[in-house]
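Structural overview for review
The residues making up each chain are set out below.
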Amino acid sequence: MSLTVLLIDSEENRARALEEKLSESGFARVVRAEGPDLAAAVERAKPDLVIIDMALPDRDALEDIRAVSAASPVVMFAGTDDPAFAQEAIAAGVCSYNLSGVALQDVRPIMASAIALFKRYHHVETELAAAKALLNERRLIERAKAILMKDRKMTEPEAYRWLQKKAMNESRKLAQVVADFVADDESQQRERKP
Amino acid sequence: MSEIIALKSPRSGTRLRIGFLRLTDSAPVIVAQEFGYFAEEGIDADLVEEPSWANIADKLAYGFLDAAVIVPPLAFAIELGLRGISQKLVIPCNISLGGNTITLSSALARQVREISAKQAIATPHALAACLKAGDRPLSLGIVHAYSTHNLLLRYWLATAGLEAGRDVRLSVVPPARAVEALQSGQIGGFCAGAPWGEIAARTGAGINVASSDDVWRAAPEKAFALRAHWAEENPAALKGAVRALVRAAQFCDAPENASYTGALLSRQKYLGVDSHAILSSLPGGAIAPDNQSRFWRGATTFPWRSHAVWFLRQMARWDLIGDVDTEALAARVYRCDLYRASVAGLGINVPRADSKSEGAHRTDWELDAAPGPIAMGPDEFCDGAVFEPVSVQVNF
């Protein structure tokens, strides 16, 4: 049995890893595609299964039942019989469409591989996002201080205390207060020079 | 960034996870969150930005979201299990009217306008004439098969005898990709919610030739749908959520608040696009708007049963649903009773009937409501049809 899988994933490393895994294990032949015209890609590749990163807007294009598959309706594999498995896929951020009515037992190992890979990347991404958030928070505090020092002629310690006090008064995190403060200032800047 | 930090903050109140797309008419949920309207009602809301309608549908169906700002046809598709497992939903309030554009590539739009002016015919008829004259097959983008855009565009095309599938090819293109698809020639136009038509116009790739209003002058657009299960388990929070949204709707509808709302929505964590593109379709945001959302005036937040029935009849017309008991399904999902129970005591005017005749008014009119009447605008369809769903019943 050789299934054709159309893989739509903008994360290059993850896509390559899944492609290798599926070919090595002999589960499936992988064809890669990217938006915007996924209906055409489906027509060309005639896949049994489409696997797509849920972070992409292109999922909606695959939902167009008539455009994608005239013969058989698109069935979202995840969830046709096993909600727990589907939930695991959604939590990992990956979803699949079964286009040719392949038996579930043949699809399952393929999706299991995809879920495992997406989970691993998700973990790495979360750590990366947390690190970025911390950096960004520091950058925003500097930016907010600079605005206050320029517009309200505050000293640096005064500016910092002002922000801390604002956070305390509004009982919100300093990071949130600072992010909104800077965003509002930026949008005001834009208003001034259309 | 703030989302990550927000996760760590201590939680109080009833948790409500609300999915939304990067669209101008997500405004009321964003305002309700940012101004603390949800919090004041004892609701701990999480706003979750999703990149696709498919994600909204799956996450509602599998319980990753409790609620969403949704296009009503998709809510019915989820309820009926048309695209995966089914999930029972309730719609206790509507979010917006209008706000979509029909946008054509600049070259085609100019041709259509020229014919329309020369022969003094309506835009869809001019488009039909264009298609007969030329031989290129026209492909138009919609945002999802089960979207208001699909139904409105088909309705509009049909008035000029154009049928999707036969005369025009409809394909799904995510609005964020529409400009790219217009420029590459993959599509000759699209129908999508604001701000995407405006964004296409600003890049010069397209021109808005019509809006929701040109199809139906009071076209319901987004609704607030919740998992029925969540609604049953959290009756007090459900009412609080409706009140918070009603309050936010009044803010979003006030012309003097347009620039504030536009700036708020333009933030990276919400729409992440130029605030001027958002502003152009907000009430009061443009001097001569060619497309405008409504959030409050004209009983916008009321979940009209007649809207539900219209959507279901149109879905049946285009073969998107099979045999269903339209009235029963409409009554099960569109919950006027929950709206009334939620806003009781707010002192706002509430319609007495669950349904109204749609399309019968060419001018301003007054709707029977309690304690006082509600001022309504015109609601005609482009083909002059009047839609009388069911006998109009008075509730009190």
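So, here is what we can say about the structure in this document. (Residues numbered from 1 in each chain as written. Chains lettered and ligands numbered in written order. Predicted model: local features only at pLDDT ≥ 70, side-chain atom pairs only at ≥ 80, totals over all residues.)

**Considerations on the overall build of chain A**
Heads up, the rule is: Secondary structure counts use DSSP, requiring at least four H or I residues in a row for a helix and at least two E residues in a row for a strand, with both numbered from the N terminus. Any residue with 12 or fewer other C-beta atoms within 10 Å of its own C-beta is exposed, any with 20 or more is buried, and the rest are partly exposed; the C-beta atoms used are placed from the backbone. We call two residues in contact if the C-beta atoms placed from their backbones are at most 7 Å apart.
Across its full length, chain A carries eight helices and five strands. Counting only residues that meet the buried cut, chain A has 37% of its 194 residues in that class. Here the contacts in chain A between residues at least 6 apart in sequence split such that 62% fall between residues at least 24 apart.

**Overview of the overall build of chain B**
Short version of the rule: Only C-alpha atoms enter the radius of gyration, while the globule expectation follows 2.2 Å times N to the 0.38, with N the number of residues.
When helices and strands are counted, chain B shows 18 helices and 14 strands. Rg of the C-alpha trace for chain B: 20 Å, near the compact-globule value of 21 Å for 396 residues, within the 12% margin. Out of the 396 residues in chain B, the part that is buried amounts to 58%. For chain B, long-range pairs separated by at least 24 residues make up 74% of all intrachain contacts whose partners lie at least 6 apart in sequence.

**Some points on the pairing of strand β3 (residues 67–70) of chain B**
Side-chain direction in a regular strand flips from residue to residue, so the side chains alternate between the two faces of the sheet. All names here are of chain B. Heads up, the rule is: Here, any two strands with at least 2 DSSP bridges between them count as paired.
A two-sided burial pattern is seen for β3, the buried positions comprising Ala-67 and Val-69 on one face and Ala-68 and Ile-70 on the other. Direction of pairing for strand β1 (residues 14–20) relative to β3: parallel, over a ladder of two bridges. The residue bridging Gly-19 from the neighbouring strand is Ala-68, located in β3. Where β3 lies against strand β10 (residues 223–227), four bridges are found, and the strand directions are antiparallel. Note on β10: the bridge partner recorded for Ala-67 is Leu-226.

**Notes on the environment of Trp53(B)**
Residues and elements named next belong to chain B. Mapped onto the fold, Trp-53 is located in helix α4 (residues 53–61). Trp-53 gets classed as buried once you count the C-beta atoms within 10 Å, which come to 27. Separated by 147 residues in sequence, Trp-53 and Ala-200 have C-alpha atoms that sit 21 Å apart.

**A short note on the interface of chain B and chain A**
Threshold: Three categories are distinguished: nonpolar for Ala, Val, Leu, Ile, Met, Phe, Trp, Tyr, Cys and Pro, charged for Asp, Glu, Lys and Arg, and polar for the others, with Gly belonging to the last.
On the side of chain A, 37 residues touch chain B, which itself brings 35 residues to the contact. Listing elements by their share of the side of chain B that touches chain A, those giving two or more residues are α1 (2–8), α4, β7 (168–172), α9 (178–184), α14 (258–265) and α15 (275–279) of chain B. By residue number, the principal contributor to the side of chain B that touches chain A is α4(B), which donates five residues. Considered class by class, the residues forming the side of chain B that touches chain A number 17 nonpolar, twelve polar and six charged.

**Focus: the sheet that holds strand β2 (residues 43–49) of chain B**
Backbone-to-backbone hydrogen bonds pair the strands of a sheet. The strands run either parallel or antiparallel. All names here are of chain B. For clarity, the cut-off: Between N-to-C directions, angles span 0 to 180 degrees; the directions come from axes that are lines fitted to C-alpha atoms, helices contributing only their stretch in contact.
The five strands lie next to each other as β2-β1-β3-β10-β4, forming an open sheet whose pairing is mixed. Looking at the sheet topology across the chains shown, the edges are occupied by β2 and β4 (89–94). Taken pair by pair, the neighbouring strands of this sheet meet at an average axis angle of 25°, ignoring direction. The sheet contact formed by β4 and β10 spans four bridges and is antiparallel. In the strand pairing of β10, Val-90 is matched with Leu-226. Running over the sheet, helix α2 (residues 27–34) touches β1, β2 and β3 and is turned about 135° from β2. Most of the contacts of helix α5 (residues 72–79) go to β4, to which it runs at about 165°, and overall it touches β3, β4 and β10.

Interpretation in functional terms is not warranted from these geometric data alone.
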